Amino acid sequence: MAQMNMIQAIKDALRVELARDKNVLLFGEDVGHVGGVFRATEGLQAEFGETRVFDTPLAESAIGGLAVGLGVQGFRPVAEIQFVGFIYEALDQICVQAARMRYRSGGRYNSPIVFRTPFGGGVKAAELHTDSLEGLLIQTPGIKVVVPSNPYDAKGLMIAAIRDNDPVFFMEHLNLYRAFRAEVPEGEYTVELGKANVVREGADVTIITYGLMVHTSIKAAEEIEKTRGVKVEVIDLRTLMPLDIDTIVESIKKTNRAIIVQEAQQTSGVAAEVIAQINEKAILHLEAPVLRIAGPDTIYPFAQIEDAWLPTPTRIVDGLNRVLDF
């Protein structure tokens, strides 16, 4: 196996699918000759040509519209939205056109599109570059939402997303692009969409999370085990829509306590949906309320104070103590 960071794993997944299927196309702002802002597509235009990997104008609505049109014609577009805060210009194409294509055409057409976008804080980026907008997408029927936390999952999930016949919104945390390397198989493999992963076994309390917060939560779990001796189970959701509620319920049956950790603002969103489904399907197994550890309900702050805004291991440990001592 090769050692890759997340950006290399994503590029490798794109290369695998470009080579396997001539209908896979990559496009977006600066993805061609430059290779993208973070070099996720670097070298792919030279390898596969300008008709397969190409630049677009600075117009997210055009990128989304092009993806929808190509999708109904049998292509498998991978459309990059340069930063997540720029999706507002393309929400009609993503949430109305692509997400409803199969339904409104009675199954005659579909939208096998992957919308890639970087997101997430802790990198001192400019306004609109670091928001966590997954909550906007999970409320839209017909579109899957994927957030990998490591290189192995990133490659396998990307390949699975490209092969899926419905649109997938694929969110890549900026702080994970080059954070660490891990073993990634060469060639093709997939990680199932809609399936969570228990990344740390435990018996006393469950943390449910995704993206960068998986690593922040593991740090908190290790810290509280040293101070209190409790065993914390950590679940990486990997796919936010559809949600793998079965894995969550099985963990809660074992631990009887849970917290949800998300980088996004607290109100609505993934944490609220997870808690609602836990209440519907596992409330009698709970010995304490399920708590949310999240960003505050404010606009994402300027870089100078973002470290005070983001969830930290200390805040997560505090939440764990609250549910353990309830």
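Each remark here, short or long, concerns the structure printed above.
Residues numbered from 1 in each chain as written. Predicted model: local features only at pLDDT ≥ 70, side-chain atom pairs only at ≥ 80, totals over all residues. Heavy atoms only, no water.

Asks: Can you explain the sheet that holds strand 9 (residues 197–200)? Please cite residues and give values.
Replies: The strand order across the open sheet formed by 5 strands is 9-11-10-13-14, and the pairing between neighbours is mixed. For this open sheet the edge positions go to strand 9 and strand 14 (291–295), each flanked by a neighbour on one side alone. Ignoring strand direction, the axes of neighbouring strands in this sheet form an average angle of 25°. Contacts from helix 8 (residues 245–255) reach strand 9, strand 10 (205–209), strand 11 (232–236) and strand 13 (258–265) within the one sheet, and its direction differs from that of strand 11 by about 175°. Its contacts with the sheet place helix 9 (residues 269–282) against strand 10, strand 13 and strand 14, and it is angled at close to 155° to strand 13. (Pairing = 2+ DSSP bridges. Helix = DSSP H or I, 4+ residues; strand = E, 2+ residues; numbered from the N terminus. Axes fitted to C-alpha atoms, helices over the stretch in contact; angles between N-to-C directions. Contact = heavy atoms within 4.5 Å.)

Asks: Go over the packing of helix 1 (residues 6–20) against helix 6 (residues 151–163) with me, naming the residues and quoting the values.
Replies: Two elements in contact, helix 1 and helix 6, have axes whose closest approach is 8 Å; the angle formed by their N-to-C orientations is 30°. Between helix 1 and helix 6, the angle falls in the class roughly parallel. When the axes of helix 1 and helix 6 are compared, the crossing they make is right-handed. For the pair formed by helix 1 and helix 6, the contact residues are Met6, Ala9, Ile10, Asp12, Ala13, Leu14, Val16, Glu17 and Arg20 on the first element and Pro151, Ala154, Lys155, Met158, Ile159, Ile162 and Arg163 on the second. (Parallel < 35°, antiparallel > 145°, perpendicular 65-115°, else oblique. Left-handed = near helix turned anticlockwise from the far one by under 90°.)

Asks: Can you break down the sheet that holds strand 4 (residues 76–80) residue by residue, with the values?
Replies: Pairing within the open sheet is mixed, and its 7 strands lie in the order 3-2-4-5-7-6-12. Whereas interior strands pair on both sides, the edge strands pair on one side only; in this sheet they are strand 3 (53–55) and strand 12 (239–241). In this sheet, adjacent strand axes meet at a mean angle of 20° when their direction is disregarded. Bridge count for strand 4 against strand 5 (residues 114–119) is 3 bridges, and the pairing is parallel. For Ala79, the partnering residue across the bridge sits in strand 5 and is Phe115.

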